[in-house]
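Working through the structure, step by step
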Amino acid sequence: MLSRRLGLKGISLQQLLSKEPHRHLQSSLETIRPISTVSLWPFSSQPRDFSQPNSSWSPEMHKVYDHYTALCDTDGENGEGKKGQWRKLPSYNRSIKYATGGIHLSKMIQAKARLFTRNVKDQGATFEYVVFGNREEKRCVCVFQAGHLLEGAPGHVHGGAIATMIDTVTGSLAGFLSGPIMTANLNIDYRSPMPLGSVVLIHSALDRIERRKTYITCKVTSSDESKLYTEATALFVSISVGHLFGSRN
């Protein structure tokens, strides 16, 4: 039941659709699948994962990607799999759009809405990244290659683009560990300029969880971890999907 997956106790799918009976909406809702706690149920039953290698990735990007992929679950010989501590987190170009009540459910489908970090079609132009999570160690690592459209100071990555990626990665870890969350606070210290086009690692780790609050630490380094570019701390607050469907003023 979709209502159970979304945490909407006492609300059936039929009740949600009764006030907005468009065929395309009902069809889309019926195909929703809970991909993970990080990617909040994209509408497409076969969404494109944008965190896969493409022609814009540098050899360095491929090398680091292959390193962490090797630490994930893999299929071995004779059908025997290897259990890894790491998991590659999929990344899509949009997430479900939460709205108020059944009459506003049509707002959940906005053809032009796109996730900010995945809104440019040109491969390699902006944010090229893939996130790997480790639930046992309560941390994640993002391999990030900054495209030419992310320039701030000449030849270097814009600070806002770096902040976007820090928010994305720390939020991925918080969601991976705590379920649906929203950013409450983000503090960033820029230590060194990041060259445009470089490949960096964004390390995030759990600091602590206090009731609904999840505290995350983060640092951005060169791919060999010899150079520190940025440090940050983040606070996320857990939210219930049912609450997001509640009334708003």
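Just above sits the structure.
Residues numbered from 1 in each chain as written. Predicted model: local features only at pLDDT ≥ 70, side-chain atom pairs only at ≥ 80, totals over all residues. Heavy atoms only, no water.

Let's talk about the packing of aromatic side chains
Stated precisely, the cut-off is as follows: Stacked, tilted and edge-to-face are the three classes applied to pairs of Phe, Tyr and Trp rings, where Trp contributes its six-membered ring and a pair requires centres within 6.5 Å; stacked means planes under 30 degrees apart, edge-to-face means over 60, and tilted covers the rest. Summary of the burial criterion: residues with accessible area below 20% of their type's maximum are buried, those above 50% are exposed, and those between are partly exposed, where the area comes from a 1.4 Å probe applied to protein chains only. Strands are runs of DSSP state E lasting at least 2 residues, helices are runs of H or I lasting at least 4, and numbering of each runs from the N terminus. Any Lys NZ or Arg CZ found within 6 Å of a ring centre and within 35 degrees of that ring's normal is scored as a charge over the ring.
Taken as a whole, this structure holds six aromatic pairs when the rule is applied. Aromatic pair W57 and Y65: ring centres 5.2 Å apart, planes at 70°, arrangement edge-to-face. By relative accessible area, W57 is classed as buried at 5%. Judged by relative accessible area, Y65 falls into the buried class, the value being 9%. With 5.5 Å between their ring centres and 70° between their planes, Y68 and W86 make a pair best called edge-to-face. Residue Y68 is found in helix α4 (residues 59-69), and its partner W86 is found in strand β3 (residues 86-89); the two are separated by 18 residues along the sequence. Residues Y68 and W86 agree in their burial class; the two are buried. Against the face of F176 rests R135, its NZ or CZ located 4.3 Å from the ring centre. For the cation-ring pair, R208 lies above Y215, with the distance from its terminal atom to the ring centre recorded as 3.8 Å.

Describing the sheet that holds strand β6 (residues 181-190)
Heads up, the rule is: Strand pairing follows a simple DSSP-based rule, namely that at least 2 bridges must link the two strands. Fitted lines through C-alpha atoms serve as axes, helices being fitted only where they are in contact, and the angles separating the N-to-C directions of these axes extend from 0 to 180 degrees. Any two residues whose heavy atoms approach within 4.5 Å at even a single point are treated as in contact.
Pairing in this open sheet of seven strands is antiparallel, and the strands run β3-β4-β5-β7-β8-β9-β6 from one edge to the other. Edge positions in the sheet fall to β3 and β6, since each has one partner strand and no second. Across the sheet, the mean angle separating the axes of adjacent strands is 20° when strand polarity is ignored. The sheet contact formed by strand β8 (residues 213-222) and strand β9 (residues 228-238) spans nine bridges and is antiparallel. Counterpart to V220 in the pairing with β9 is T230. Against the sheet, α4 engages β3, β4 (127-134), β5 (139-146) and β7 (199-210), with an angle of about 20° to β4.

Points about the pattern of salt bridges
How we decide: A pairing counts as a salt bridge when a side-chain nitrogen of Lys or Arg comes within 4 Å of a carboxyl oxygen of Asp or Glu.
Following the criterion strictly, the structure yields six salt bridges and no others. One salt bridge in this structure joins R139 and E137, with 2.5 Å as the shortest N-O distance. The exposure class assigned to E137 is partly exposed, which follows from its relative accessible area of 40%. D189 is the partner of R191 in a salt bridge, and the nearest nitrogen-oxygen pair spans 3.7 Å.

Observations regarding the nonpolar core
Worth spelling out the cut-off: We define the nonpolar core as a collection of buried residues of types Ala, Val, Leu, Ile, Met, Phe, Trp, Tyr and Cys that are connected through side-chain atoms lying within 4.5 Å of one another.
Counting 28 residues, the largest nonpolar core has C142, F144, M165, M194 and I202 as the members making the most contacts within it. Among the secondary structure elements, those contributing two or more residues to this core are β4, β5, α5 (159-178), β7, β8 and β9. Among the elements that line this core, the one with the most residues is α5, at eight residues. Setting aside its immediate chain neighbours within four residues, C142 contacts Y129, V130, V131, M165, V169, V200, L201 and I202.

A look at the state of the cysteines
Applicable threshold: Here, the term disulfide refers to a pair of cysteine sulfur atoms separated by no more than 2.5 Å.
Applying the stated rule across the entire model yields zero disulfides. In this structure C140 is not part of a disulfide, and its nearest cysteine sulfur, from C142, lies 7.8 Å away.

A word on the side chain of H203
Rules: Within 3.5 Å is the distance limit for a polar contact, defined as a pair of N or O atoms, with the added protein rule that one can donate a hydrogen and the other accept it, and that residues adjacent in sequence qualify only through two side-chain atoms.
On the secondary structure map, H203 appears in strand β7. For H203, a relative accessible area of 11% corresponds to the buried category. Separated by 3.2 Å, the side chains of H203 and T221 make a polar contact. In this structure H203 touches C140, V141, T217, C218, K219, T221 and E225, once residues within four positions along its chain are discounted.

Description of unusual backbone geometry
Unusually for a residue other than glycine, R211 sits at a positive phi of about 55°. Mapping R211 onto the fold places it in the loop between β7 and β8. Here R211 falls in the exposed class, since its relative accessible area comes to 84%. Within the chain, E225 stands out as a residue other than glycine whose phi angle is a positive 65°. Checked against the element boundaries, E225 lands in the loop between β8 and β9. The class of E225 is partly exposed, set by a relative accessible area of 45%.

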